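One-letter residues, chain by chain:
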Amino acid sequence: MAARAAGELTTGLADPVVTATRILRAFGDQTVLDGVDLRIGRGEVVALLGGSGSGKSTLLRILAGLDSGATGEVSTRGRTGVVFQEHRLLPWKRVTDNIALGLRGSDVPGRTAAALAEVGLADRGRAWPAELSGGQAQRVALARALVREPDILLLDEPFAALDALNRLRMQALFGRLRAEHGFAALLVTHDVDEALLLADRTLVLEDGRIVEDTAVTLPHPRAADHPGFGDLRRNLLTRLRVPTSPDES
Amino acid sequence: MTADVRAPALPAERTRSARGDRPRRSPGPRRWRRAVTPVLIVVLWEGAARLGILPPEKLSPPSDVLSVGLRLTLDGTLGLHLLHSLLRAFVGLAVGGVLGLALGALAGLIRLGDDLVDPTVQMARMLPHLGLVPLLLIWVGIGEPLKISLVALGAFFPIYLNTYTGIRGIDERLVEAARTCGLSAAARVRHVVLPGALPSLFLGVRLAFGAGWLSLVVGEQVNAETGIGFLMMEARDFSQTDVVVLGLLIYALLGMLSDFGLRVAERRALAWRQGLQAS
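Quick notes on the overall build of chain B
So, step 1. Helix and strand counts for chain B stand at 12 helices and zero strands.
So, step 2. Along the chain direction, N to C, the helices and strands of chain B fall in the order α-α-α-α-α-α-α-α-α-α-α-α.
So, step 3. Counting only residues that meet the buried cut, chain B has 28% of its 279 residues in that class.
So, step 4. Of the contacts formed within chain B by residues at least 6 apart in sequence, a portion of 73% connects residues at least 24 apart.

Printed below as a string of structure tokens:
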């Protein structure tokens, strides 16, 4: 597997922030995850793709420590931040207090304000979550995860509920923040373009197993019209059993 | 080739201006219009009494009720009875409210508490608590404990039920998000569960006040020696219709004032909901 070797070279897999081995999860008699092994290196962005119901979100929840019904071993090193598909801000706390939720250490107000400024909402700290648009709320959710200075950021289809323009803005923001902070990330997504724009490595989950593990070696900043992007995209779509041209369907 | 599978660009972030643009009628004229009917009723009532259509021993005119109210206020009688009624209401609401809150939280937060407490309370709730008066008379006698336990019983159930459903109705996803922020179980209760249950709790308190006043009316008519209810029963014995109507008026005012106060407190405590309701 040449692709995998390249991935290990570019991202320090010798020093993983997440190691999961033989993850099994069943709901009733339906097996959702059937022995998943996963390692994420320090600073590595991994996109996890798969059809709906393939267990992507289940795997992310297990890594986030939100699912106690799974077997297997999960070890994460350092701090973890989670961003969900919905913003999940507490409606009764102002934006600033949502970001500062459970935050310890020195200068909490300063760090909160800095995180809010980083997502471009420096002036919205006093707002209630209900007063924000969908895109703004998701930015705040991102700031809430970032302010904890995570070593690994777990994102569960974080941009899927946004409209197309906002999704592009958020993807650009994510790329910039990642370049600045160097956190590792597991990005659960069903958007092949998003995976290829942001990730160092793409995984495809099918029937409870990881069936594809490909390094994305395109140079940053990436764009959908870069040479090489189309091939990767076609490969991934084929792997996800999506016809790549209308004639095939 | 790389056909773009994305949908054509949608309008950017939905702005909130849409709801600010909606023309809003000023509340001024409407507020006055809403006062028309009550004022008209009072005027007709007074007029009918003056014209002799309404016999004063059946229903005293508003002017008589006001003057007797003034007289009883000036000689201190009304103040004393009102104080006793308020004390009973306060103690009863406090006892019933604290018990309802504590048991509701116990049943809402802890599974064992749910199993041990909730089925029993749900059964007891079916008892009409005002029907317990004969039994309470045997248990606690005819004194203050009777009035206070009636008010407490009236207040207990709405507060228990709304605390319980408020806690049960919390969006589990918010609790999860708080967990990912590193909040301990106690901190999750404080920052997520309690504020999330607060709207429901406020509803419970408002219902409890209603039930509390009702219980007080009944309780004070059972062998009391003070209180608004006693004032009314005594007036009935002497056919003082104006004092009876005055008592009713005071009960109504107490209910209205407490409800108004609670609504103001609710609007302050739940300021975050205003944006939510408008959007």
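Remarks on the overall build of chain A
So, step 1. A count of helical and extended segments in chain A gives eight helices and nine strands.
So, step 2. Rg of the C-alpha trace for chain A: 18 Å, near the compact-globule value of 18 Å for 249 residues, within the 12% margin.
So, step 3. On the principal axes, the C-alpha backbone points of chain A span a range of 50 × 40 × 35 Å.
So, step 4. Among the 249 residues that make up chain A, the fraction classed as buried is 45%.

Remarks on the sheet that holds strand β3 (residues 45-49) of chain A
Residues and elements named next belong to chain A.
So, step 1. Strand order in this open sheet of six strands is β5-β6-β7-β3-β8-β9, and the pairing throughout is mixed. The outermost strands of the open sheet, each flanked by one partner alone, are β5 (80-83) and β9 (209-215). Going across the sheet, the axis of each strand differs from the next one's by a mean of 15°, ignoring polarity.
So, step 2. As paired strands, β5 and strand β6 (residues 152-156) are joined by four bridges and run parallel to one another. Across the sheet, residue Val82 finds its bridge partner in β6, namely Leu154.

Here's the deal with the confidence of the model for chain B
Residue and element names in this part refer to chain B.
So, step 1. Confidence in the prediction of chain B, expressed as mean pLDDT, is 87, and 89% of residues score 70 or more.
So, step 2. Low pLDDT, under 50, characterises residues 1-22; the predicted model gives this stretch 20 contacts beyond four residues in sequence or across chains.
So, step 3. On the interface metric, ipTM, the complex scores 0.87, and its pTM is 0.80.

A short note on the environment of Leu63(A)
All names here are of chain A.
So, step 1. Tracing the backbone through its elements, the reader meets Leu63 in helix α2 (residues 56-63).
So, step 2. As for Leu63 and Ile23, which are separated by 40 residues in sequence, their C-alpha atoms are 9.9 Å apart.
So, step 3. Ignoring sequence-local partners within four residues, the contact set of Leu63 consists of Val18, Ala20, Val74, Thr76, Leu154 and Leu186.

Some words on the pairing of strand β8 (residues 201-206) of chain A
Residues and elements named next belong to chain A.
So, step 1. Counting buried residues along β8, five of its six residues qualify, which places the element largely inside the surrounding structure.
So, step 2. As paired strands, β3 and β8 are joined by four bridges and run parallel to one another. Among the inter-strand pairings, Leu48 is bridged to a residue of β8, identified as Leu203.
So, step 3. With six bridges connecting them, β8 and β9 associate as antiparallel partners. The residue of β9 that forms the bridge with Glu206 is Arg209.
So, step 4. Between the antiparallel neighbours β8 and β9 lie two residues, among them Asp207 with a positive phi of about 50°.

What about the sheet that holds strand β1 (residues 16-27) of chain A?
All names here are of chain A.
So, step 1. If you trace the three strands from one edge of the open sheet to the other, you get β2-β1-β4, paired in antiparallel fashion. For this open sheet the edge positions go to β2 (30-41) and β4 (71-76), each flanked by a neighbour on one side alone. Strand-to-strand twist in this sheet, taken as the mean axis angle between neighbours without regard to direction, amounts to 15°.
So, step 2. Judged from the five bridges that link them, β1 and β4 form a sheet pairing that is antiparallel. Note that in β4 the partner of Thr21 across the bridge is Glu73.
So, step 3. Strands in contact with α2 are β1, β2 and β4; relative to β1, the strand with the most contacts, it is inclined by about 125°.

Describing α2(A)
Residue and element names in this part refer to chain A.
So, step 1. Burial runs high along α2: seven of the eight residues are buried.
So, step 2. Three or more residues of α2 are buried, namely Lys56, Thr58, Leu59, Leu60, Arg61, Ile62 and Leu63.
So, step 3. Backbone geometry just after α2 places Gly65 at a positive phi near 75°.

Things to note about the domain arrangement of chain A
Residues and elements named next belong to chain A.
So, step 1. When the domains of chain A are assigned, the result is domain 1 (2-79 + 150-241) and domain 2 (92-148).
So, step 2. Just the C-alpha atoms count here: the centres of domain 1 and domain 2 sit 25 Å apart.
So, step 3. On the domain 2 side, the residues contacting the 10 residues of domain 1 number eight residues.
So, step 4. No other element matches the four residues that helix α6 (residues 164-181) contributes to the side of domain 1 that touches domain 2.

Thoughts on unusual backbone geometry
Residues and elements named next belong to chain A.
So, step 1. With a phi angle near 50°, Arg22 is a residue other than glycine that sits in the positive phi range.
So, step 2. With respect to the helices, strands and loops of the structure, Arg22 is situated in strand β1.
So, step 3. Non-glycine residue Glu157 carries a positive phi angle of around 45°.
So, step 4. On the neighbour-count criterion, Glu157 (19 C-beta atoms within 10 Å) is partly exposed.

Describing helix α11 (residues 241-269) of chain B
Residues and elements named next belong to chain B.
So, step 1. Compared with the 42 Å implied by 1.5 Å per residue over 29 residues, the 42 Å span of α11 between its first and last C-alpha is a close match.
So, step 2. Those residues of α11 lying buried are Thr241, Asp242, Val243, Val245, Leu246 and Gly247.
So, step 3. Looking at the buried positions of α11, the neighbouring elements they touch are α3 (62-74) and α10 (228-237).

A closer look at the environment of Lys147(B)
Residue and element names in this part refer to chain B.
So, step 1. Structurally, Lys147 can be placed in helix α7 (residues 144-168).
So, step 2. On the basis of neighbour count, Lys147 is assigned to the buried category, with 29 C-beta atoms found within 10 Å.
So, step 3. It is 27 Å that separates the C-alpha atoms of Lys147 and Pro119, two residues lying 28 residues apart in sequence.
So, step 4. Dropping the residues within four chain positions of it, Lys147 is found in contact with Arg88, Leu216, Gly219, Glu220 and Ala224.

Rules and cut-offs
Residues numbered from 1 in each chain as written. Chains lettered and ligands numbered in written order. Predicted model: local features only at pLDDT ≥ 70, side-chain atom pairs only at ≥ 80, totals over all residues. Helix = DSSP H or I, 4+ residues; strand = E, 2+ residues; numbered from the N terminus. Buried ≥ 20, exposed ≤ 12 C-beta atoms within 10 Å, placed from the backbone. Contact = placed C-beta atoms within 7 Å. Rg over C-alpha atoms; globule rule 2.2 N^0.38 Å. Pairing = 2+ DSSP bridges. Axes fitted to C-alpha atoms, helices over the stretch in contact; angles between N-to-C directions. pLDDT = per-residue confidence, 0-100. Domains from an automatic or database assignment. Expected span 1.5 Å × (residues − 1).

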